[in-house]
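Given next are the chains, with one letter for each unit.
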Amino acid sequence: MATATEILILTQWFSPAYPVGAFAYSHGLEWAIDAGHVTTAKHINAWITEVMCHGAGWNDSLFLAAAYHADSCELPEVDATARAFCASADRLKETHLQGAAFCGITAKVWATDVQGLTYPVAAGRAARLQGLPLDLTTQVYLQAFLANLVAAAMRLVPLGQTDGQRIIRDLSPLCTRIAQDSSNASLDDLASTAFLADIAAMKHETQYSRIFRT
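What counts and what doesn't
- Residues numbered from 1 in each chain as written.
- Predicted model: local features only at pLDDT ≥ 70, side-chain atom pairs only at ≥ 80, totals over all residues.
- Heavy atoms only, no water.
- Helix = DSSP H or I, 4+ residues; strand = E, 2+ residues; numbered from the N terminus.
- Rg over C-alpha atoms; globule rule 2.2 N^0.38 Å.
- Contact = heavy atoms within 4.5 Å.
- Lys, Arg positive; Asp, Glu negative; His and termini not counted.
- Charge placed at Lys NZ, Arg CZ, Asp CG, Glu CD.
- Core = buried A, V, L, I, M, F, W, Y, C linked by side-chain atoms within 4.5 Å.
- Buried < 20%, exposed > 50% of the residue type's maximum accessible area, 1.4 Å probe, protein only.
- Patch = residues over 30% accessible without salt bridge, like charges linked within 9 Å, V, L, I, M, F, W, Y side chains within 5 Å.
- Areas by Shrake-Rupley, 256 points an atom, 1.4 Å probe, with all protein chains shown as cover.
- Salt bridge = Lys/Arg side-chain N within 4 Å of Asp/Glu carboxyl O.
- Arc of directions from axis to C-beta.
- Expected span 1.5 Å × (residues − 1).
- Phe/Tyr/Trp six-rings, centres within 6.5 Å; stacked < 30°, edge-to-face > 60°.

## Things to note about the overall build of the chain
Then comes step 1: Helix and strand counts for the chain come out as 10 helices and 0 strands.
Then comes step 2: Counting from the amino terminus, the chain carries its helices and strands in the arrangement α-α-α-α-α-α-α-α-α-α.
Then comes step 3: Computed over the C-alpha atoms, the radius of gyration of the chain is 16 Å, within 12% of the 17 Å expected from 2.2 N^0.38 for a compact globule of 214 residues.
Then comes step 4: Overall, the chain is about 45 × 35 × 30 Å in size when its C-alpha atoms are taken along their principal axes.
Then comes step 5: In the chain, the proportion of contacts linking residues at least 24 apart, taken out of those at least 6 apart, comes to 76%.
Then comes step 6: When the 14 positive and 20 negative side-chain charges of the chain are each reduced to one mean point, those points stand 8 Å apart.

## Details of the nonpolar core
Then comes step 1: In terms of nonpolar packing, the biggest core is built from 65 residues, with W13, F14, M52 and F102 touching the most fellow members.
Then comes step 2: Per-element tally for this core: the top contributor is helix α8 (residues 134–156), with 11 residues.
Then comes step 3: Setting aside residues no more than four positions away along its own chain, W13 makes contact with Y18, F102, T106, W110, A123, A126, A127, Q130 and L132.

## Quick look at a nonpolar patch on the surface
Then comes step 1: A cluster of nonpolar residues, F195, L196 and I199, forms a patch on the protein surface that exposes about 280 Å² of accessible area.
Then comes step 2: Among the secondary structure elements, L196 is positioned in helix α10 (residues 195–204).
Then comes step 3: On the basis of relative accessibility, which here comes to 38%, the residue L196 falls in the partly exposed class.

## Side note on helix α5 (residues 75–84)
Then comes step 1: Every buried residue of α5 is listed here: L75, V78, D79 and A82. Considered in projection along α5, the buried side chains sweep an arc of 95 degrees and stay on one side of the axis. The exposed residues of α5 that point more than 90 degrees off its buried face are P76, E77 and A84.

## Topic: the environment of A100
Then comes step 1: Along the polypeptide, A100 turns up in helix α6 (residues 89–110).
Then comes step 2: C-alpha of A100 to C-alpha of G55: the two residues are 45 residues apart in sequence and 22 Å apart in space.

## What about helix α9 (residues 161–183)?
Then comes step 1: Over its 23 residues, α9 runs 33 Å from end to end, which matches the ideal 33 Å to within 8%, given 1.5 Å per residue.
Then comes step 2: For α9, every residue scored as buried is listed here: G164, I167, I168, L171, S172, L174, C175, I178, A179 and S182.

## With respect to unusual backbone geometry
Most peptide bonds take the trans configuration, and most residues that are not glycine carry a negative phi.
Then comes step 1: That bond from V157 to P158 is cis: its omega, -5 degrees, falls within 30 degrees of zero.
Then comes step 2: Among the structural elements, P158 can be located in the loop between α8 and α9.
Then comes step 3: At H27, a position not held by glycine, the phi torsion is positive, near 60 degrees.
Then comes step 4: The topology assignment puts H27 in the loop between α1 (4–13) and α2 (29–34).
Then comes step 5: Taking the relative accessible area as the measure of exposure, H27 reaches 6% and is therefore buried.

## Observations concerning the packing of aromatic side chains
Then comes step 1: What the rule picks out here adds up to 10 aromatic pairs.
Then comes step 2: Judged by centre distance (5.5 Å) and plane angle (85 degrees), the ring pair of W13 and F102 falls under edge-to-face. With W13 in helix α1 and F102 in helix α6, this pair connects stretches of sequence that are 89 residues apart.
Then comes step 3: On the basis of relative accessible area, W13 is assigned to the buried category, the value being 1%.
Then comes step 4: Arranged with centres 5.7 Å apart and planes meeting at 90 degrees, the rings of W13 and W110 form a pair that is edge-to-face. Here W13 is found in helix α1, whereas its partner W110 is found in helix α6, with 97 residues between them in sequence. Accessibility classification places W13 together with W110 in one group, the buried group.
Then comes step 5: An aromatic cluster is defined as three or more aromatic residues linked by ring pairs; in this entry it consists of W13, F14, Y18, F102, W110, Y119 and Y141.

This is how it looks when you write it as structure tokens:
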């Protein structure tokens with residue numbers, strides 16, 4: 001069982017107040033909404049479900065777990081694989097800049113030796129060094145990921161706050177399921193079939209007018 005202290009550390013790491021700049025990224029959702037592919041709460045729910053189960057949500061969980069289990073010699077290869085799995089320049093920027101920000105603040109506040117890592121790899125490594133439970137780390141990481149996408153949709157659709165909170169509530173059980181599945185998997189299980197989300201991220205790179213960095 002996780003202790004109260006461990007839970008509070010993780011909620012701090014993955015809260016909107018933690019300065020990784022997550023609010024600046026829509027993971028390609030901005031283009032999908034602008035193109036008319038996502039226009040309702042039902043669409044948002046379906047989009048995020050696919051990304052969580054068949055795209056970055058699943059893969060990030062595997063990278064986080066691999067980093068958690070890796071020794072210092074294995075970590076660079078895990079990080080290089082995480083970078084290689086980014087389907088677009090925008091997605092690479094997203095995970096690189098958030099990872100750099102996470103490493104910087106976590107090293108200063110917790111004196112944790114993490115630097116130059118992509119976001120999920122940094123999270124996994126920091127959790128290992130702090131002795132935090134992998135399963136709970138993955139769950140909180142994933143809930144923060146889906147909540148950030150919902151927050152983007154609230155600004156862009158526009159999606160009401162009540163509908164947004166319903167989506168987070170409805171999709172939170174996915175965080176538990178994916179965390180459990182990924183804990184018994186390895187990088188051999190990396191896969192992505194969320195093709196429209198990848199295309200959306202690519203299209204966003206050249207979008208004429210945009211709010212988000214990705």
